[in-house]
Amino acid sequence: DLIEIHHAYPYGMWALLHSGFKGPVIVHYHFDISRFGSLQRYVYPVLRDTLARADRIFVNSRSYAETSSVLSDFLDKCVYIPAGVAPARFDLPPHLAERVATLRSDGRFRALFVGRLSHYKGLENLVAAMQHVEGELNIVGRGKLSLTLEQLAAMFDISDRVHLLGRIPEEELLVQYHAADVV
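Notes on the structure follow.

Cut-offs and rules
Residues numbered from 1 in each chain as written. Predicted model: local features only at pLDDT ≥ 70, side-chain atom pairs only at ≥ 80, totals over all residues. Heavy atoms only, no water. Pairing = 2+ DSSP bridges. Helix = DSSP H or I, 4+ residues; strand = E, 2+ residues; numbered from the N terminus. Axes fitted to C-alpha atoms, helices over the stretch in contact; angles between N-to-C directions. Contact = heavy atoms within 4.5 Å. Parallel < 35°, antiparallel > 145°, perpendicular 65-115°, else oblique. Left-handed = near helix turned anticlockwise from the far one by under 90°. Nonpolar A, V, L, I, M, F, W, Y, C, P; charged D, E, K, R; others polar. Polar contact = N/O pair within 3.5 Å; in protein donor to acceptor, adjacent residues only side chain to side chain. Salt bridge = Lys/Arg side-chain N within 4 Å of Asp/Glu carboxyl O. Buried < 20%, exposed > 50% of the residue type's maximum accessible area, 1.4 Å probe, protein only.

### A closer look at the sheet that holds strand 3 (residues 56-59)
Okay, so step 1: Pairing is parallel in the open sheet, where four strands are placed in the order 1-2-3-4. The open sheet has two edge strands with one neighbour each: strand 1 (3-7) and strand 4 (78-80). Recorded for the sheet is a direction-independent mean angle of 25 degrees between the axes of neighbouring strands.
Okay, so step 2: The pairing of strand 2 (residues 25-29) with strand 3 spans three bridges and is classified as parallel. Note on strand 3: the bridge partner recorded for Ile-26 is Arg-56.
Okay, so step 3: The strands touched by helix 1 (residues 10-19) within the sheet are strand 1 and strand 2, with strand 1 carrying the most contacts at an inclination of about 145 degrees.
Okay, so step 4: Those strands touched by helix 2 (residues 40-53) are strand 1, strand 2 and strand 3, and its axis lies near 125 degrees from that of strand 2.

See below:
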């Protein structure tokens, strides 16, 4: 038997540490945590003990592990598994090419963000930066920051260039990727 934990899941890590389980443990380490606020002082020791207990720690890249203040003591346990996608997933079907051409026809710079709208991804900074960019920003995804991002765009008077698209169909996502100058 083997236990596999995706960090950050402090309850699961605590349960593992108190379970008496003697078999191998793998931790998928996705990011350094910052969202636990005042609970951080309780979560951090559980995390460190779990990483010490782990036989292997899966991380997206060596450079991330080497710059993480948490992982630096556990580099000998890290295995690097890059995040990946099948490139064919992003091939543009011919029937969508005209839509991409239409979006690009105005010649404006187009930035695209795709993901969960969370505080640690720096979306507030991205929206603020758009004040100084001649172009538009399309934000695909949902999350707690939606209203905040809309308010920021309004405050900076760039609502006409910052578009929160929410969750969109797969074909429209392909169009957005191909129409963007930067993702």
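### Quick look at the side chain of Ser-118
Okay, so step 1: Its location among the elements puts Ser-118 in the loop between strand 5 (109-114) and helix 5 (123-129).
Okay, so step 2: In this structure, Ser-118 is in contact with Leu-123 and Leu-145, ignoring residues within four places of it in sequence.

### Focus: the packing of helix 4 (residues 94-104) against helix 7 (residues 170-179)
Okay, so step 1: Between helix 4 and helix 7, the least distance of the axes is 9 Å, while the angle of their chain directions is 45 degrees. On the basis of their axis angle, the class for helix 4 and helix 7 is oblique. Seen from above, helix 4 lies across helix 7 with right-handed handedness. Each of His-95, Leu-96, Arg-99, Val-100, Leu-103 and Arg-104 in helix 4 lies in contact with helix 7, whose residues at this interface are Glu-171, Glu-172, Leu-174, Val-175, Gln-176, His-178 and Ala-179.
Okay, so step 2: Its residues assigned to classes, the contact of helix 4 with helix 7 comprises six nonpolar, three polar and four charged.

### Here's the deal with the side chain of Glu-136
Okay, so step 1: Position of Glu-136 relative to the elements: it lies in strand 6 (residues 135-140).
Okay, so step 2: One polar contact links Glu-136 to Arg-110, side chain to side chain, over a distance of 2.9 Å.
Okay, so step 3: Once you skip the residues sitting within four places of it in the chain, Glu-136 turns out to touch Arg-108, Phe-109, Arg-110, Ala-111, Met-130, Arg-161 and His-163.

### Side note on the pattern of salt bridges
Okay, so step 1: Summed over the entire model, instances satisfying the criterion amount to eight salt bridges.
Okay, so step 2: As a salt-bridge pair, Arg-48 and Asp-73 come within 2.7 Å of each other at their nearest N and O atoms. One end of the pair, Arg-48, is in helix 2; the other, Asp-73, is in the loop between helix 3 (62-67) and strand 4, with 25 residues separating them in the sequence.
Okay, so step 3: Two residues, Arg-53 and Asp-55, come together in a salt bridge whose shortest N-O distance is 3.8 Å.
Okay, so step 4: On the basis of relative accessibility, which here comes to 26%, the residue Arg-53 falls in the partly exposed class.
Okay, so step 5: Given a relative accessible area of 36%, Asp-55 falls into the partly exposed group.
Okay, so step 6: Here the salt bridges do not stand alone but share partners, grouping Arg-108, Arg-110 and Glu-136 into one network.

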